[in-house]
Amino acid sequence: MGLSSAKLQKEQSHIRGLLTGYTVLVYVFLFLPIFVVILMSFNTAKIGAFPLDDFTLRWYSELFRDKTVWAALVNSIIISAGTTLLSVILGTLGAFALVRHQFRLKALFTGVLVIPLIIPGLIIGISLLSFYHFLGVHPSRLTVILGHTALALPYTTLVISSRLEGFDIHLEEAAAILGAPPWRVFYKVTLPVIGSGIIAAALFAWTISFDEFIITFFIMGGAKKTLPLKIWSLLKFGISPQINAMSALILVAALVLVTTALAMLRRP
Amino acid sequence: MTDKRVAVELKAVTKTFGEVVAVDNVGFRVSEGEFICLVGPSGCGKTTTLRLIAGFEYPTAGEIRIHGKDMARVAPHRRNVAMVFQSYALFPHMSVFENVAFGLRERGIDRKAISRKVPQYLEMVQLGGYQERKPGQLSGGQQQRVALARALVVEPALLLMDEPLGSLDRKLRDEMQLEVKTLLDELGITTISVTHDQDEALVMSDRIAVMKDGHIEQVGPPRDIYEYPESVFCATFLGISNLLTGSLTRRDPGRMILTTKEGLELSCSLPESPEGQITLIIRPERILVNPSHSRENTFRGRIESVKYLGSEVEYYVLLLSGTRVVARQQISDAQDTLCRAGQEIDIQLPMQSLRLVS
Ligand SMILES: Nc1ncnc2c1ncn2[C@@H]1O[C@H](COP(=O)(O)OP(=O)(O)OP(=O)(O)O)[C@@H](O)[C@H]1O
Ligand SMILES: [Mg+2]
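Residues numbered from 1 in each chain as written. Chains lettered and ligands numbered in written order. Predicted model: local features only at pLDDT ≥ 70, side-chain atom pairs only at ≥ 80, totals over all residues. Heavy atoms only, no water.

Novice: Kindly report on the sheet that holds strand β10 (residues 215-220) of chain B, identifying the contributing residues and their values.
Specialist: Residues and elements named next belong to chain B. A sheet is described by the order of its strands in space; here 6 strands give the open sequence β6-β7-β8-β3-β9-β10, paired in mixed fashion. The two strands at the open ends of the sheet, each matched to only one other strand, are β6 (81-84) and β10. With direction set aside, neighbouring strand axes in the sheet form an average angle of 15°. In this sheet, strand β9 (residues 207-212) lies alongside strand β3 (residues 35-39) in parallel orientation, the contact comprising 4 bridges. (Pairing = 2+ DSSP bridges. Helix = DSSP H or I, 4+ residues; strand = E, 2+ residues; numbered from the N terminus. Axes fitted to C-alpha atoms, helices over the stretch in contact; angles between N-to-C directions.)

Shown next as structure tokens:
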């Protein structure tokens, strides 16, 4: 008994070692390229290659001096803000409908909602392009916002509904019976309690929109580039240190936002 | 009671959820300042009745009046009713102070009055130092007391409580029962309370309404319900009762004889002499054990088991006729000798303690 349990323990520690090694490999595979991009963005050499030369912030300062980059950034921010606002409002309304009400075809509605998650972006891009063409609508920030909202809406709706599922409906009743009219109940009780879920949904929506490339590429095409489109157009001249710098910045912003969103979701 | 104003009146209220009839033709009145308890087994419609009065549900049929006013078109926030929920329903994002202040703020009470009243009511429920805590940092019992303070502080016209003391331990519950009752009497707040706990119902209520399957079996003061239950259900729901079922074999006025299925012959004196099967009940504490003068209705039996309850003892007795009864005896002195299982004893079922139920 004693012997065999010692053996078992040894075997288990082997398995543990293997698992640890495997996990490390996966993370290296995932994050090494990203790490390299960040590293290169601080490298003096114009061509990204090892060994590294000297440390520099030159590419960043060049980036900030480039007016077209700033224009793309402003453009991205406007589009992300619009997408976030729209998809959070629609997502909140949808979540209330899904969680609080029974209606026919509810299962269908829920199913349809997640379809954008599995349709390739290319297909959505092409569909939207031909749809707008059919309507005779010219590509603009608004059409991009609508396209991004279609993409972000499943996330916002699902995140907010899961928060709403856990919401004790008695809280609203308690507030009502204490004298609060419906809008006060929503403002003073429902919103604060599900608020962290809504903020998380907003951060997700922002990140999705800010990083989106394919759909934007199809609909926007023309002059008003978003940051990812700007990167794409710079890429025609090969990978430059400016691109690395821009990628690093976008990456850090996305990381911060998503981490904040996850922290929000973990709040009670 | 008749001279008091009616605070709440339910007239033939019915509520169905699809196939389920949760509340079935319920009608009762509550006078101003009265404390009425709804008791009954799980799922009998107690919570639903409260929710109808609060306005969270609308009756399928019937009418609810508060201070004479029909509530059919009145939203919960306009009813001036307060409620203590079975699940407390404290606002998790607010401190204890803010929870209690909520109703006052919604009523537009000024800040000064709020900062005076909130601590006063928290003091009342013995939570003086807890103002800044969040509900998540309180025990179940403490949360329940915050919920109570939050409801009381608005001095509502009507207070609804759904198992308000359900999660408190025995000792705290006993204390709180009297405290809450005194407090409500002082404030003169009309109260409808729901409880599983029969002691709580007996201690706190002016009247008790016993519910079963959505309807009301009997309404009356605790003592009436306990002493004169109208049905087997009421007799067994509040306290223990011995049931003796049989038919009358002699029906002289003033002296009748009930012969049970097992052949036990009981003298009794009933206000009426119904035909067919009838049931008499007797409370365990009314049964005399080894009476000094054995008179009518004294039977020999063997103790099957003994249940020691501290201040009392219960004997489970099998009579020679085959009838089983429970007798309860006060233990008044440490030297009292208790009977043991297996022992033969005489027990007497006094005639005046036998009650006819339907
Ligand atoms: N919203 C609802 N939808 C469907 N059925 C319901 C609903 N609310 C209550 N019921 C049903 O109505 C009946 C009465 O429920 P209620 O909650 O009033 O019981 P209760 O007496 O409060 O029970 P407990 O002592 O367990 O709290 C139950 O059969 C319950 O299943
Ligand atoms: Mg209940």
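Still more ground to cover, so stick around.
Novice: Provide a residue-level description of the interface of chain B and chain A, including the pertinent values.
Specialist: Of the residues lining the interface, 22 residues belong to chain B; the matching set on chain A comes to 18 residues. When chain B packs against chain A, the two sides together hide about 1,700 Å² of surface, and 69% of this comes from carbon and sulfur. At the boundary of chain B and chain A, one finds 2 salt bridges. Measuring nitrogen to oxygen at the nearest pair gives 2.7 Å for the salt bridge that ties Arg184(A) to Glu106(B). Seen at the junction of chain B and chain A, the total is 4 residue pairs in polar contact (both at pLDDT 80 or more). Elements with a minimum of two residues in the side of chain B that touches chain A: α1 (46-54), β6 and α2 (96-106) of chain B. For the side of chain B that touches chain A, a count of residues per class yields 14 nonpolar, 4 polar and 4 charged. (Contact = heavy atoms within 4.5 Å. Buried area = accessible area lost by both parts, 1.4 Å probe. Salt bridge = Lys/Arg side-chain N within 4 Å of Asp/Glu carboxyl O. Polar contact = N/O pair within 3.5 Å; in protein donor to acceptor, adjacent residues only side chain to side chain. Nonpolar A, V, L, I, M, F, W, Y, C, P; charged D, E, K, R; others polar.)

Novice: Residue-level account of the packing of aromatic side chains, with values.
Specialist: Throughout the structure, instances matching the rule amount to 15 aromatic pairs over all chains. A ring pair is formed by Phe217(A) and Phe218(A), whose centres lie 6.1 Å apart and whose planes are at 85°; its orientation type is edge-to-face. Classification of Phe218(A) as partly exposed rests on a relative accessible area of 24%. For the ring pair Phe233(B) and Phe237(B), a centre distance of 5.8 Å and an interplane angle of 15° mean the geometry is stacked. Of this pair, Phe233(B) and Phe237(B) are both found in helix α8 (residues 232-237), 4 residues apart, which corresponds to roughly one turn of the helix. For the residue pair Phe233(B) and Phe237(B), the accessibility class agrees, reading buried in each case. Across from the ring centre of Phe91(B), 4.7 Å away, lies the NZ or CZ of Arg150(B), which sits over that ring. Against the face of Tyr226(B) rests Arg283(B), its NZ or CZ located 3.9 Å from the ring centre. (Phe/Tyr/Trp six-rings, centres within 6.5 Å; stacked < 30°, edge-to-face > 60°. Buried < 20%, exposed > 50% of the residue type's maximum accessible area, 1.4 Å probe, protein only. Lys NZ or Arg CZ within 6 Å of the ring centre and 35° of its normal.)

Novice: Explain the layout of surface pockets residue by residue, including any values.
Specialist: Residue and element names in this part refer to chain A. Considering only enclosed or pocket space, the largest pocket measures out at about 410 Å³ in volume. What lines the largest pocket is a set of 20 residues, and nearest its centre among them are Arg100, Glu172, Ala176, Pro182 and Val185. Only α3 (67-100), α8 (169-177) and α9 (182-211) provide two or more residues apiece to the lining of the largest pocket. Here the lining of the largest pocket is built from residues that sort into 13 nonpolar, 4 polar and 3 charged. (1 Å grid on protein atoms, 1.4 Å probe; cavity = no way out; pocket = protein on both sides within 12 Å on 5 of 7 lines; lining within 4 Å. Points joined across faces, edges and corners; volume = space filled by probe spheres on them.)

Novice: Just give me the short version of the nonpolar core, but keep the residues and values in it.
Specialist: In this structure, Phe28(B), Phe91(B), Leu159(B), Leu160(B) and Ile192(B) are the most contacted members of the largest nonpolar core, which totals 106 residues. Counting residues per element, this core draws most heavily on α9(A), at 10 residues. Those residues in contact with Phe91(B) that sit more than four places away from it in its chain are Leu171(A), Ala174(A), Ala175(A), Leu178(A), Val189(A), Asn99(B), Phe102(B), Pro135(B) and Arg150(B). Leu258(B), Leu266(B), Ala327(B) and Leu349(B) belong to the second largest nonpolar core, which has 27 residues in total. (Core = buried A, V, L, I, M, F, W, Y, C linked by side-chain atoms within 4.5 Å.)

Novice: So what's going on with the domain arrangement of chain A? Residues and values would help.
Specialist: Residues and elements named next belong to chain A. Parsing chain A into structural domains produces domain 1 (1-40) and domain 2 (58-265). Each of domain 1 and domain 2 was reduced to a C-alpha centroid, and the two centroids are 36 Å apart. With 4 residues of domain 1 at the contact, the number on the domain 2 side is 5 residues. Interface area for domain 1 against domain 2, summed over the two sides, is near 390 Å², with a carbon-plus-sulfur share of 73%. Together, Val37, Ile38 and Met40 form the three largest contributors to the area buried by domain 1 at its contact with domain 2, with a combined 82%. (Domains from an automatic or database assignment.)

Novice: Any details on the pattern of salt bridges? Residues and values, ideally.
Specialist: Under the counting rule described, the total for this entry stands at 29 salt bridges over all chains. In this structure, Glu173(A) and Arg51(B) form a salt bridge, with 2.8 Å as the shortest nitrogen-oxygen distance. On the criterion of chain membership, the pair formed by Glu173(A) in helix α8 and Arg51(B) in helix α1 is interchain, its members lying in two chains. When its relative accessible area of 11% is taken as the criterion, Glu173(A) is described as buried. In this structure Arg51(B) comes out as buried when scored by relative accessible area, which is 13%. Measuring nitrogen to oxygen at the nearest pair gives 4.0 Å for the salt bridge that ties Glu314(B) to Lys307(B). Lys307(B) sits in the partly exposed class, given a relative accessible area of 40%. Here the salt bridges share partners, and the residues they tie into one network are Arg170(B), Arg173(B), Asp174(B), Asp197(B) and Asp199(B).

Novice: Describe in detail the pairing of β6(B), supporting the description with residues and values.
Specialist: Residues and elements named next belong to chain B. In β6, alternate side chains face the same way, and those of Val81 and Met83 on one face and Ala82 and Val84 on the other are all buried. Inspection of the sheet shows β6 paired to strand β7 (residues 158-162) by 4 bridges, in the parallel sense. Bridge pairing in β7 places Val84 opposite Met161.

Novice: Tell me about the domain arrangement of chain B, and please be specific about residues and values.
Specialist: Residues and elements named next belong to chain B. For chain B, the assigned domains read domain 1 (6-236) and domain 2 (240-357). Taken together, the contacts link 10 residues of domain 1 with 11 residues of domain 2. Summing both partners gives a buried area of about 870 Å² for domain 1 against domain 2, and 48% of it is carried by carbon and sulfur. Glu227 is paired through a salt bridge with Arg355; the nearest N and O atoms lie 3.7 Å apart. Applying the counting criterion to the domain 1 and domain 2 interface returns 6 residue pairs in polar contact (both at pLDDT 80 or more). Class assignment for the residues of the side of domain 1 that touches domain 2 results in 6 nonpolar, 2 polar and 2 charged.

Novice: Outline the site of ligand 1, listing residues and values.
Specialist: Residues and elements named next belong to chain B. In the region of ligand 1, 13 residues are neighbours, and Ser42, Gly43, Lys46, Thr47 and Thr48 sit closest. Within the backbone of Cys44, one N or O atom sits 3.2 Å away from an oxygen atom of ligand 1. Considering ligand 1 on its own, with 630 Å² of exposed area, one finds that the protein chains cover 62% of that surface. Those elements that place two or more of their residues in the shell around ligand 1 are β2 (20-31) and α1. The leading source of residues in the shell around ligand 1 is α1, at 3 residues. Classifying every residue of the shell around ligand 1 gives 4 nonpolar, 7 polar and 2 charged. (Near = heavy atom within 4 Å. Areas by Shrake-Rupley, 256 points an atom, 1.4 Å probe, with all protein chains shown as cover.)

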